[in-house]
Amino acid sequence: MTSKTNAVDFLVRRENLGECRSAPANIGPETELATGQLLLEVDAFAFTANNITYAVVGDMMGYWNFFPAPDGWGRIPVWGFANVVRSKHDEVSEGERVWGYFPMSTYLLVQADRVKPGSFTDVTAHRQALPPIYNDYSRTAADPQYDAGTEDRQMLLRPLFATAFLLDDFLDDNDFFGVESIVLSSASSKTSFALASLLSCRSEGRPQVVGLTSPGNIAFVKGLGCYDEVLTYDQVSSLDGSRPVVSVDMAGNTDVLEALHTHFGERMKHSAQVGLTHWEKTDSGRKLPGVAPTFFFAPAQIQKRLADWGGDEVTRRLAEAWHAFLTASEGWLSIQHGHGPDAVEAVYRATHEGRAKPNEGHILSLRPGA
């Protein structure tokens, strides 16, 4: 059915994320295509702590189901760009470049449907029960968020920014729960920075934005310029506990979250769980004081806004905010490139083990370097 030449999957052990390997893939250059199918060659993708979150909650949130792997193994989803190398769909041409959700693999076979000038949807059977936002692929030639000169930063920031945009909208939609402060953990993470940037750009009367980070990242986070106050995790007790707050937890460090809940008590009006940058310090079974933490699921908020505003207006608002953020993010991110399975494994291990630097962004490809 297929030639495995140059076709590679990067696999991680689902029950032990520290175990990983590269293996020959079942989808490759000679894979036979049925009517309506496209063979996409994954050109490049970003890898961040967000992808580790996909793996940690893979079973709970269904992330392992997008790209099946051999029993006991998983292919972590990533965001990036691919090229259509073969097409059996009359409305999609070979050579087109697309943006979207891919496995850590060299190739992806999709069943294209609902084809529009700027997008198509993968309707492969096993993906139909999964959130639609992850099954849509943008055709860059007609994508209002695409800029050929900023592909690297798009891969690193665009999916994280989309989550931040929806978080900002969710908080605004709930009148910020009537609070005076919003506390963001893992303040050096790209999603936290994006959310803080959106919140800080709001008009007067907005809640104060407080960032929590590790001592080694204090200078970096303060230098971002979008937090009203930056503290280390052990300084939670110095916050004014008499003021109502919302917690947006990107870290997943249960000890820190418990300290926040204990310090604010009933004045904690909402506790949103978003990321797991400190996944190894997560204790999901621990009951916390006060309001129960709620996992923020971005696809649910975008489905609400699609119903409220319509697809065109969602696209317009997101594109407008994205381009403003892209300009604001210039200068603080050092981009590193890696090619081939060894480079992918090195970045995966560094990110999984918490050794990745907040001011670095990694763009990877399983294809050999030029």
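Up top is the structure these notes are about.
Residues numbered from 1 in each chain as written. Predicted model: local features only at pLDDT ≥ 70, side-chain atom pairs only at ≥ 80, totals over all residues. Heavy atoms only, no water.

Regarding the overall build of the chain
Stage number 1. A tally of helices and strands in the chain yields nine helices and 17 strands.
Stage number 2. The C-alpha atoms of the chain give 21 Å as radius of gyration, which agrees with the globular expectation for 370 residues (21 Å, within 12%).
Stage number 3. Referenced to the eigenvectors of the C-alpha coordinate spread, the extents of the chain come out at roughly 65 × 45 × 40 Å.
Stage number 4. For the chain, with 370 residues in total, the buried portion stands at 54%.
Stage number 5. When the accessible surface of the chain is summed, it comes to about 15800 Å², and 47% of that surface belongs to carbon and sulfur atoms. (Helix = DSSP H or I, 4+ residues; strand = E, 2+ residues; numbered from the N terminus. Rg over C-alpha atoms; globule rule 2.2 N^0.38 Å. Buried < 20%, exposed > 50% of the residue type's maximum accessible area, 1.4 Å probe, protein only. Areas by Shrake-Rupley, 256 points an atom, 1.4 Å probe, with all protein chains shown as cover.)

Remarks on the environment of Val85
Stage number 1. Inspection of the secondary structure assignment puts Val85 in strand β5 (residues 77-87).
Stage number 2. For the pair Val85 and Tyr348, spaced 263 residues apart in sequence, the C-alpha separation works out to 27 Å.
Stage number 3. The contacts of Val85, once residues within four sequence positions are left out, are Leu39, Glu41, Glu94 and Tyr107. (Contact = heavy atoms within 4.5 Å.)

A closer look at the side chain of Ser365
Stage number 1. Topologically, Ser365 is positioned in strand β17 (residues 360-365).
Stage number 2. Of the residues examined, Ser365 reaches a relative accessible area of 1% and is grouped as buried.
Stage number 3. Ser365 has contacts with Val42, Asp43, Ala44, Phe45, Gly338, His339, Gly340 and Val344, leaving out every residue within four places of it along the chain.

Re the pattern of salt bridges
Stage number 1. Summed over all chains, the structure comprises 23 salt bridges.
Stage number 2. Its salt-bridge partner being Arg139, residue Glu96 comes within 2.7 Å of it at the nearest N-O pair. With Glu96 in the loop between β5 and β6 (97-103) and Arg139 in strand β9 (residues 136-139), the pair connects residues that are 43 residues apart, well separated along the chain.
Stage number 3. Look at Glu96 and you get buried, because its relative accessible area is 17%. (Salt bridge = Lys/Arg side-chain N within 4 Å of Asp/Glu carboxyl O.)

Let's talk about the sheet that holds strand β2 (residues 16-24)
Stage number 1. Spatially, three strands are ordered β2-β1-β4 in an open sheet, and the strand pairing comes out antiparallel. Both outer strands of the open sheet, β2 and β4 (73-74), are each paired with one neighbouring strand and no more.
Stage number 2. In the packing of helix α9 (residues 341-352) onto the sheet, contacts are made with β1 (8-13) and β2, and the angle to β2 comes to roughly 170°. (Pairing = 2+ DSSP bridges. Axes fitted to C-alpha atoms, helices over the stretch in contact; angles between N-to-C directions.)

Quick look at the sheet that holds strand β12 (residues 229-232)
Stage number 1. Pairing within the open sheet is parallel, and its six strands lie in the order β12-β11-β10-β13-β14-β15. Where the open sheet ends on each side, the last strands, each with one partner, are β12 and β15 (294-295).
Stage number 2. Here four bridges tie strand β11 (residues 208-213) to β12, and the two strands are oriented parallel to one another. Bridge pairing links Leu212 to Leu231 in β12.
Stage number 3. Most of the contacts of helix α4 (residues 190-200) go to strand β10 (residues 181-184), to which it runs at about 165°, and overall it touches β10, β11 and β13 (245-249).
Stage number 4. Against the sheet, helix α6 (residues 254-264) contacts β10, β11, β13 and β14 (268-273), and its axis sits at roughly 170° relative to β14.

Things to note about the packing of aromatic side chains
Stage number 1. Tallied over the entire structure, the rule returns 24 aromatic pairs.
Stage number 2. Taken together, a centroid distance of 6.2 Å and an interplanar angle of 45° make the contact between Phe66 and Phe67 tilted.
Stage number 3. Accessibility expressed as a relative area gives 1% for Phe67, which makes it buried.
Stage number 4. Here Phe81 and Tyr146 contribute two aromatic rings whose centre-to-centre distance is 5.7 Å and whose plane-to-plane angle is 70°, an arrangement assigned as edge-to-face. Note that Phe81 is positioned in strand β5 and Tyr146 in the loop between β9 and α3 (151-173), a separation of 65 residues in sequence. (Phe/Tyr/Trp six-rings, centres within 6.5 Å; stacked < 30°, edge-to-face > 60°.)

Comments concerning the pairing of strand β7 (residues 107-116)
Stage number 1. Pairing of strand β3 (residues 37-47) with β7 involves five bridges; the strand directions are antiparallel. From the neighbouring strand, Gln37 faces β7, where its bridge partner is Gln111.
Stage number 2. Taken together, the three bridges between β7 and strand β8 (residues 119-122) define a ladder with antiparallel strand orientation. By the bridge assignment, Ala112 is partnered in β8 with Asp122.
Stage number 3. Counted along the chain from β7 to the antiparallel partner β8, the turn is two residues long.

So, helix α1 (residues 49-56)
Stage number 1. Among all positions in α1, only Asn51, Ile52, Thr53, Tyr54 and Ala55 are buried.
Stage number 2. On the buried face of α1, the contacting elements are β2, β3, α2 (58-61), β5, β6 and α9.

Section: the state of the cysteines
Stage number 1. For the coordinates displayed, the defined rule picks out zero disulfides.
Stage number 2. Cysteine Cys201 is unpaired, with the sulfur of Cys226 as its nearest cysteine sulfur at 8.7 Å.
Stage number 3. Cys201 gets classed as exposed once you look at its relative accessible area, which sits at 65%.
Stage number 4. On the accessibility criterion, Cys226 (5% relative accessible area) is buried. (Disulfide = S-S within 2.5 Å.)

Structural notes on α4
Stage number 1. Most of α4 is tucked away: ten of the eleven residues are buried.
Stage number 2. Taken as a whole, α4 has its buried residues at Lys190, Thr191, Ser192, Phe193, Ala194, Leu195, Ala196, Ser197, Leu198 and Leu199.

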